[in-house]
Amino acid sequence: MSIRYIESSKQIILETADTTYQMKIDELGYLQHLYYGKKLGQNDMSYQFRIYDHGFSGNPYEMRDNRAYSLDSMAQEYTSFGVGDFRVTSIYASCSDGSRCAEFRYAAHEILDGKYTIPGLPSVYDNGDTVQTLIVTLIDKPANIKIKLYYGVFEELDIITRAAEIINAGNEIVWLRKACSMCLELPFGKWDMIHFHGRHCMERQPERVPLFHGIHTLVSGRGMSSHQHNPFVILCDRDATEDNGACYGVMLMYSGNHKTEIERDQFDSVRIVTGISDDRFRWELASGASFYTPEVILTCADGLTNLSHNYHRVIRNNVVRGEYKLMHRPVLINNWEATYFDITEEKVLAIAEKAKELGVEMFVLDDGWFKNRNDDNAGLGDWIPDTEKLPDGLGGLIEKINNMGLRFGLWIEPEMVNEDSDLYRTHPDWALTAPNRAPMMARNQLVLDLSRKEVHDYLFDTISGLLEKYNITYIKWDFNRPISDVYSYAFPSSRQGEVSHRYYLSLYALYEKLTAKFPHVLFEGCAGGGGRFDAGMLYYNPQIWCSDNTDPISRLKIQYGTSFGYPSCTVGAHVSASPNHQTGRKTPLNTRGVVAMSGSFGYELDLSQLSDEECDEIKNQIKKYKELEPIIHGGRMYRLSQKSDATHYMAWQFVSPDQSRALLNIVVTNPLANSAPVHVKLKGLIPDATYSVNGEFEVLGSALMKGGYTFQRLIGDYPAMQLDIVRI
Ligand code: DGJ
């Protein structure tokens, strides 16, 4: 039993293999948060909360004679608003009488076997694990608003999920202005925050800062989870390292506008509130209606490595779905950086032929294959193959590629439309644009209003049509601009604050229907690279193109940051040309291969132009990747170098689940003259097992982990090395 209710103390205890989470219904019915951390046993942690009279923190009416009781200093599971808790709130609403306050008190709870689901939203699923669900119902009687707090406890995975359902139990409309997924309190401790900021071509850069007094806000209002702020944050002990120290992960499973607020208050207590961003959000909750928030995936672990392992495991096994979940991902060749829009059948076939010869398994035709798509000014929305570029049509091209023994994949960007397209000319009101205002343009395109049923249906029919007509086994689903001008002509003015979230409900429903109808198709997410790299997207796309930056030295940092939350099988990574098209940097083919191999592997360059030596090297890379993919995708990943080492080198390692084989990777980011040797300690091996290192010598696991391995004279043009460590 991972969830227990103790009637005598009115405590609810959630337990996973290594953690305990405790809450308590107090004498006024408030749901107090008591503890989340290392496993404790049955202790009632409420003894810790000695309450003082804090003067300016007021008291609920029933406690007017007990000035030590205040919502403003109490750790809570979900907050009330407007009634004396002045910190960041998890919910905010205005009622029909204009009042803007509600205090939520315990009404009921239930404990169920299995994992709850959230209507219309992706959520972590039970994959045959030991999972229980707790639902606690809170109510504000005057406003007649109920909140159901959902907790999913994945015992073996050390994962707790959370979500909320807000119910209008009254007869009048309630306008939700903020509806977060959860509130998590860390009443004691000194914390650093690690968050993942970035930009196009440089996503998920970890930044570690101590929490100051006040509110840290991590937000995306770009209509996408964004290149700028990933919906994932870690709070860790000031002295936490990869190996030790309390670390808490908060990952929002949502792909649209999000906000995480972390408040360190006047008493050094920390509150984390996360969910859909409340900026411009306003949801009309009719009498009897429910609003469901997206899910949050929480974990607590000793050290950052364990935290990452918990996320890697849950995403790989309980988020990603479908046939490709744990299957070999086809090694692909994508033509984008080889041809850009300048596609001809001749060029494509030349690349495909060479690719087949080298061991590639799938050809992916990127942007530019459809009518009027000679640059980014026109064509999006129509999705009719360009027979000038492809004289035998898309079907003819696919047949030729299939006849070579290659599978075929296709790029689409369904959510977008160019003004210069038949779709826009016929349905200008299908694009998100504000009335009487010229829209913001980005890459010359507009975003379709997916909150409209007609748009949803059009996209379902169009994508289904392509997948039914052609032998396509992979789709790269791109999204190349942020969403602005959020206005839907299908909704009245009072409900425009719903459009951003309705967009994502519709997008998720579209993905749900398509993945169910076409289970053999592998979907790869993409948003100008990794602008929508989140757990919500991973529920439908087993892999996501990690970044438009294919330079291996930049990629090291991007993939390093990504690895804190997401497993390598989800990371689309390709070998591209040198000099690199984004940075102009020249790097050896070996280095490009070593870096791309740490993801879902492919190529993105004109293979038909390579020398015989390069082709031989690629053949060997593909062979090696296929052999090592089960370890890279299914094993444990260890970050062996820190951000501070990256000015010289980066090292990381994969270990197979049975610890019988490991792969150590090292890439020099800045060759140094006459430097000290680079010394790394391996991780995750069996101490008393003997391993062969690259077939050159044999050594105990304990020696490699405690004594380490030294790399001498790492000089030259960004050299890379791999150590293949095999148990004998
Ligand atoms: C952005 C993607 O990230 C690229 O890989 C490529 O598909 C282009 N879009 C095509 O327009």
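Counting restarts for each chain: residues are numbered from 1 in the order of the written sequence. Side-chain atom pairs in this predicted model are given and counted only at pLDDT of 80 or more, local residue features only at pLDDT of at least 70, and totals for whole chains, interfaces and linings cover all residues. The basis for every side-chain value is the complete set of non-hydrogen atoms in the structure, without hydrogens or water.

Considerations on the environment of Thr137
- The numbering of helices and of strands both runs from the N terminus, where a helix is a DSSP run of H or I of at least 4 residues and a strand a run of E of at least 2. As for its position among the elements, Thr137 is in strand β7 (residues 131-140).
- Relative accessible area serves as the criterion here: at 12%, Thr137 is assigned to the buried category.
- Considered as a pair, Thr137 and Arg105 are 32 residues apart in the sequence and their alpha carbons are 8.3 Å apart.
- Setting aside residues up to four positions removed in sequence, Thr137 forms contacts with Arg105, Tyr106, Ala107, Ala108, Lys146, Ile147 and Lys148. The buried label goes to any residue with under 20% of its type's maximum accessible area, the exposed label to any with over 50%, and the partly exposed label to all in between, with areas taken from a 1.4 Å probe on protein chains only. It only takes one pair of heavy atoms within 4.5 Å for two residues to be counted as in contact.

As for the layout of surface pockets
- Estimated volume of the second largest pocket: approximately 440 Å³.
- Residue lining of the second largest pocket: 27 residues in total, with His200, Asn480, Gly528, Gly529 and Asp548 positioned closest to the centre.
- Any residue outside Ala, Val, Leu, Ile, Met, Phe, Trp, Tyr, Cys, Pro, Asp, Glu, Lys and Arg is labelled polar, Gly included; the first ten of those are nonpolar and the last four are charged. Each residue belonging to the lining of the second largest pocket can be placed in one class, and the counts come to ten nonpolar, seven polar and ten charged.
- When we break the lining of the second largest pocket down by domain, the ones giving at least three residues each are domain 1 (3-318) and domain 2 (332-634). Throughout, the protein atoms alone are placed on a 1 Å grid, and a set of points is a cavity if a 1.4 Å probe fits but cannot get out or a pocket if it is open with protein on both sides within 12 Å along at least five of seven lines; lining residues have an atom within 4 Å of a point. Grid points are joined across faces, edges and corners, and a volume is the space filled by probe spheres set on the points. An automatic or database domain assignment provides the domain bounds reported here.

Side note on the domain arrangement of the protein
- Domain boundaries in the protein define domain 1 (3-318), domain 2 (332-634) and domain 3 (639-727).
- One C-alpha centre belongs to domain 1, the other to domain 3; they are set 39 Å apart.
- The interface is formed by seven residues belonging to domain 1 together with four residues belonging to domain 3.
- For salt bridges, the criterion is a side-chain nitrogen of Lys or Arg within 4 Å of an Asp or Glu carboxyl oxygen. Where domain 1 meets domain 3, there are two salt bridges.
- For Glu242, the salt bridge is made with Arg639, and the minimal N-O distance between the two is 2.7 Å.
- Polar contact is defined as a pair of N or O atoms within 3.5 Å, subject to the rule that within protein one atom must be able to donate a hydrogen and the other to accept it, and that residues adjacent in sequence are counted only when both atoms are side-chain atoms. At the junction of domain 1 and domain 3, the tally comes to five residue pairs in polar contact (both at pLDDT 80 or more).
- Here the element with the most residues in the side of domain 1 that touches domain 3 is helix α1 (residues 304-319); it accounts for three residues.
- Its residues placed into classes, the side of domain 1 that touches domain 3 shows two nonpolar, two polar and three charged.

So, unusual backbone geometry
- Backbone torsion omega between Ser578 and Pro579 reads 0°, so that peptide bond is classified as cis.
- Looking at the secondary structure, you find Pro579 in the loop between β29 (571-576) and α10 (589-596).
- One non-glycine residue, Arg443, adopts positive backbone phi at about 50°.
- As for its position among the elements, Arg443 is in the loop between α5 (422-426) and β25 (445-447).
- On the accessibility criterion, Arg443 (27% relative accessible area) is partly exposed.
- The backbone of Tyr718 shows a phi angle near 40°, a positive value even though the residue is not glycine.
- Take Tyr718: it is sitting in the loop between β37 (709-711) and β38 (720-727).

Digging into the pairing of β7
- β7 sits mainly inside the fold: ten of its ten residues count as buried.
- Here β7 shows no split at all, with Val131, Thr133, Ile135, Thr137 and Ile139 on one side and Gln132, Leu134, Val136, Leu138 and Asp140 on the other all buried.
- Bridge count for strand β6 (residues 105-113) against β7 is eight bridges, and the pairing is antiparallel. Residue Leu112 lies in a different strand from β7, and its bridge partner there is Thr133.
- Note: two strands are recorded as paired if DSSP finds a minimum of 2 bridges between them. Here β7 runs beside strand β8 (residues 145-154); their pairing, made up of ten bridges, is antiparallel. Bridge assignment links Thr133 to a residue of β8, and that residue is Gly152.

Focus: the site of the ligand
- Around the ligand, the surrounding shell holds 13 residues, and the nearest of these are Asp366, Asp367, Lys476, Asp478 and Asp548.
- One of the side-chain N or O atoms of Lys476 is found 2.7 Å from an oxygen atom in the ligand.
- Between Asp478 and the ligand, the recorded distance is 2.7 Å, taken from a side-chain N or O atom to a nitrogen atom.
- Only the protein chains shown count as cover for residues, and all accessible areas are computed by the Shrake-Rupley method using a 1.4 Å probe. For the ligand, whose accessible area on its own is 300 Å², the fraction buried by protein is 97%.
- Those molecules having more than half of their atoms within 2 Å of a cavity or pocket grid point set are described as sitting in that cavity or pocket. Judged by its atoms lying within 2 Å of the grid points, the ligand is housed in the second largest pocket.
- Among the residues forming the shell around the ligand, the class breakdown is four nonpolar, three polar and six charged. Nearness is defined per residue: one heavy atom within 4 Å of the molecule or strand is enough.

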